[in-house]
Amino acid sequence: TAGSPRLGDYVPSADGTVARRLRGAGAIVLGKTNVSEFLTDVQTTNPLFGRTNNPWDLGRIPGGSSGGAAAAVAAGCAPFDIGSDIGGSIRIPAHCCGIFGLKPTEGRVSNAGHIPDLPGDVRTTRVMNCIGPLARSIDDLELALSVIAGPDIADPDVPPVPLTPSPQIDLANTRFAIAQRFPGVPADAATQQVIAQIGSALERVGAAVEETLPEIDFDEQLAIRAALRVIVRMRIEPPPAGPPSAEEYFRLLQQRDVLIGDWERFFATYDALVCPVMMVPAFPHCERGTPIVVDDVAADYNLLAGYCRPFNLTGHPVVTLPVGFAPDGLPIGVQLVGARWSESRLLGIARAMADAMPQIAANRPSGV
């Protein structure tokens, strides 16, 4: 009808850096996948394109904000897709849809062309946002990363840090930290059980495993991330109290630097941390903000990304692995977190875990 949006209205006139690099490497772009409104929710629905469903159960969410990408990959529509992650938007969809995902180190992949920020507006996503692949295999994660990573004159925040092929990892020579939950963030019994099983499986193949986390204030970490997120969203949703001062902004960055150092010292001792992606598997579609039931107890909707956001704040890389299933058959993923710039080693560890543990889908999720 007259005045209705047309598909062409949503196709950019030029490729961003990531799309251009993929096309240059021979990728065939099939189309665009759905996201949550302004990329701000763990559900994937918006007024323009409606709702995306989870291929495992159409009544469940596929995760968000990159839920369309994860659903397409899980359903076999494409071997991999690209998402962005400022609060779990790659990792949560990978977890919900039973596939692999990679949130690279902050600054590994150019953000040039990423929306939002809105075209022609001031760039606000100078920290925390990462672009990375979702795929049905670790090999495809690595292949996609090798194409999209690297310096870009359109994004001077990307340093020339070499990306090497993932090494062969002997799990018997690795040390893992395991956390079934974070302080202040719940996790259901199925999620905690899967992580405990991963820890036991790692011990059986000779890895050193310890249930531990760094001695940091997790509430403070989430509060700093939330304050920085307000600055990123100012152009979309102006804060009621007005914009923060320059001093407040730089103080937040300084607090962030301290937390980065705390986590880096932690990863000087441990090769990787295994922890939840979300407090539950994919849940039924609902109104945003609806309390989420975790083992018969209502939990705050805003805690759904509580396991992911710490690593957006600090910029650490994370591989999401599909490692098991809830009693109702829905997939459960875990985060495999490592030191900054350690994507190659993390992918090597993930591949070794997949080879050693049959519960990790090495190529694609069975049952979809």
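Details of the structure are given in the entry above.
Fair warning: this is a prediction, and the values are worked out from it, not measured in the lab.

Draft legend 1. Spatial organisation of a nonpolar patch on the surface. A contiguous nonpolar patch, built from Phe38, Ile115 and Leu118 and spanning about 250 Å² of accessible area, is present on the exposed surface. Its location among the elements puts Leu118 in the loop between strand 4 (100-103) and strand 5 (130-135). You can call Leu118 partly exposed: its relative accessible area is 34%.

Draft legend 2. Unusual backbone geometry, seen in detail. Across the junction of Gly64 and Ser65, the peptide omega takes the value 10°, indicating a cis bond. Located in the positive-phi region is Asp295, a residue other than glycine, with phi close to 50°. Among the secondary structure elements, Asp295 is positioned in the loop between strand 9 (292-294) and strand 10 (297-299). The backbone phi angle of Asp296 is positive, close to 75°, even though this residue is not glycine. Structurally, Asp296 is set in the loop between strand 9 and strand 10.

Draft legend 3. Quick look at the side chain of Thr125. Tracing the sequence through the fold places Thr125 in the loop between strand 4 and strand 5. If sequence neighbours within four positions are ignored, Thr125 has contacts with Ile86, Pro116, Asp117 and Val232.

Draft legend 4. Up close: the packing of helix 4 (residues 138-148) against helix 9 (residues 343-356). Packing of helix 4 against helix 9 leaves a shortest axis separation of 10 Å and a crossing angle of 165°. In terms of orientation, helix 4 lies roughly antiparallel with respect to helix 9. When the axes of helix 4 and helix 9 are compared, the crossing they make is left-handed. Packed against helix 4, whose contacting residues are Ile138, Asp139, Leu141, Glu142 and Leu145, the element helix 9 presents Glu343, Leu347, Ala350, Arg351 and Ala354 at the interface.

Draft legend 5. The arrangement of the sheet that holds strand 5 in detail. Taking strand neighbours across the sheet as the criterion, the eight strands line up as 3-5-4-11-12-8-6-7 in an open arrangement whose pairing is mixed. Edge positions in the sheet fall to strand 3 (80-85) and strand 7 (208-211), since each of these pairs with one other strand and no more. On average, each strand axis in the sheet is inclined to that of its neighbour by 25°, with strand direction left out of account. Sheet analysis places strand 3 next to strand 5, joined by six bridges and oriented antiparallel. Considered in strand 5, the bridge of Asp85 is made with Cys130. Along the sheet, helix 7 (residues 246-267) makes contact with strand 6 (175-178), strand 8 (272-276) and strand 12 (331-337), crossing strand 8 at roughly 115°.

Draft legend 6. Representation of the pattern of salt bridges within the structure. Applying the stated rule across the entire model yields 16 salt bridges. The salt bridge partner of Arg60 is Asp328, with a shortest N-O separation of 3.6 Å. With Arg60 in the loop between strand 2 (50-51) and helix 2 (67-74) and Asp328 in the loop between strand 11 (318-325) and strand 12, this pair connects stretches of sequence that are 268 residues apart. A salt bridge links Arg91 to Asp85; the nearest nitrogen and oxygen atoms lie 2.8 Å apart. The class for Arg91 is buried, based on a relative accessible area of 0%. Here Asp85 falls in the buried class, since its relative accessible area comes to 0%. Through salt bridges with shared partners, a single ionic network connects Arg123, Arg126, Asp155 and Asp157.

Draft legend 7. Focus on helix 9. Over its 14 residues, helix 9 extends 20 Å from the first C-alpha to the last, a length consistent with the 20 Å expected when each residue adds 1.5 Å. Within helix 9, 10 of the 14 residues are buried, which leaves the element mostly enclosed by the surrounding structure. Every buried residue belonging to helix 9 is among Glu343, Ser344, Leu346, Leu347, Gly348, Ile349, Ala350, Ala352, Met353 and Ala354, and all of these are buried.

Draft legend 8. Structural view of the side chain of Glu106. Mapped onto the elements of the fold, Glu106 is located in the loop between strand 4 and strand 5. Taking relative accessible area as the criterion, Glu106 reaches 14% and is therefore assigned buried. One polar contact links the side chain of Glu106 to the main-chain amide nitrogen of Met128, over a distance of 3.1 Å. Dropping the residues within four chain positions of it, Glu106 is found in contact with Arg126, Val127, Met128, Asn129, Cys130, Arg256, Asn312, Gly315 and Trp341.

Draft legend 9. Focus on the packing of aromatic side chains. For the coordinates displayed, the defined rule picks out 12 aromatic pairs. Ring centres of Trp56 and Phe325 lie 5.8 Å apart, and the angle between their planes is 55°; on these two criteria the pair is classed as tilted. Within this pair, whereas Trp56 is found in the loop between strand 2 and helix 2, its partner Phe325 is found in strand 11, the two being separated by 269 residues in sequence. For Phe325, a relative accessible area of 42% corresponds to the partly exposed category. Relative to Tyr307, the ring of Phe182 lies with its centre 5.0 Å away and its plane at 55°, an arrangement referred to as tilted. Of the two residues, Phe182 sits in the loop between strand 6 and helix 5 (189-204) while Tyr307 sits in the loop between strand 10 and helix 8 (309-314), which places them 125 residues apart along the sequence. You can call Phe182 buried: its relative accessible area is 1%. Residue classification places Tyr307 among the buried residues on the basis of a relative accessible area of 0%.

Draft legend 10. A look at the nonpolar core. Phe182, Leu273, Phe283 and Leu304 are the most contacted members of the largest nonpolar core, which has 45 residues in total. Ranked by residues supplied to this core, first place goes to helix 7 with six residues. Aside from chain neighbours lying at most four places away, what touches Phe182 is Leu213, Phe218, Leu273, Cys275, Gly306, Tyr307, Pro310 and Phe311.

What counts, and where the lines are drawn
Chains are numbered independently. Their residues run from 1 in the order of the written sequence. Local features in this predicted model are restricted to residues of pLDDT 70 or higher, and side-chain atom pairs are both shown and tallied only at a pLDDT of 80 or more, whereas totals for entire chains, interfaces and linings draw on every residue. The side-chain numbers reported here are obtained from all heavy atoms of the structure, hydrogens and water having been left aside. Patches here are clusters of residues that have more than 30% relative accessible area and form no salt bridge, with a 9 Å joining cutoff for like charges and a 5 Å cutoff for nonpolar side chains (Val, Leu, Ile, Met, Phe, Trp, Tyr). Only the protein chains shown count as cover for residues, and all accessible areas are computed by the Shrake-Rupley method using a 1.4 Å probe. One side-chain nitrogen of Lys or Arg within 4 Å of one carboxyl oxygen of Asp or Glu is enough to make a salt bridge. Only runs of H or I of at least four residues qualify as helices and only runs of E of at least two qualify as strands under DSSP, and these elements are numbered from the N terminus. Three labels apply to residues, based on accessible area from a 1.4 Å probe with only protein chains included: buried if under 20% of the type maximum, exposed if over 50%, partly exposed otherwise in between. Any pair of residues with heavy atoms lying within 4.5 Å of one another is described as a contacting pair. Angles run from 0 to 180 degrees between N-to-C directions of axes, and those axes are lines fitted to C-alpha atoms, restricted for helices to the stretch in contact. For classification purposes, angles smaller than 35 degrees are called roughly parallel, those larger than 145 roughly antiparallel, those between 65 and 115 roughly perpendicular, and all remaining angles oblique. Take the far helix as the reference: if the near one is turned anticlockwise from it by less than a right angle, the crossing is left-handed, and if turned clockwise, right-handed. For two strands to count as paired, DSSP must find a minimum of two bridges between them. By this rule, a helix spans an expected 1.5 Å times one less than how many residues it contains. Whenever a nitrogen or oxygen atom comes within 3.5 Å of another N or O atom, the pair is scored as a polar contact, on the condition that within protein one atom can donate a hydrogen and the other can accept it, and that pairs from neighbouring residues in sequence are kept only if both atoms are in side chains. Between 30 and 60 degrees the pair is tilted, below 30 it is stacked and above 60 it is edge-to-face, where a pair is any two Phe, Tyr or Trp rings, Trp via its six-membered ring, whose centres lie within 6.5 Å. What makes a nonpolar core is a set of buried Ala, Val, Leu, Ile, Met, Phe, Trp, Tyr and Cys residues whose side-chain atoms join them at distances within 4.5 Å.

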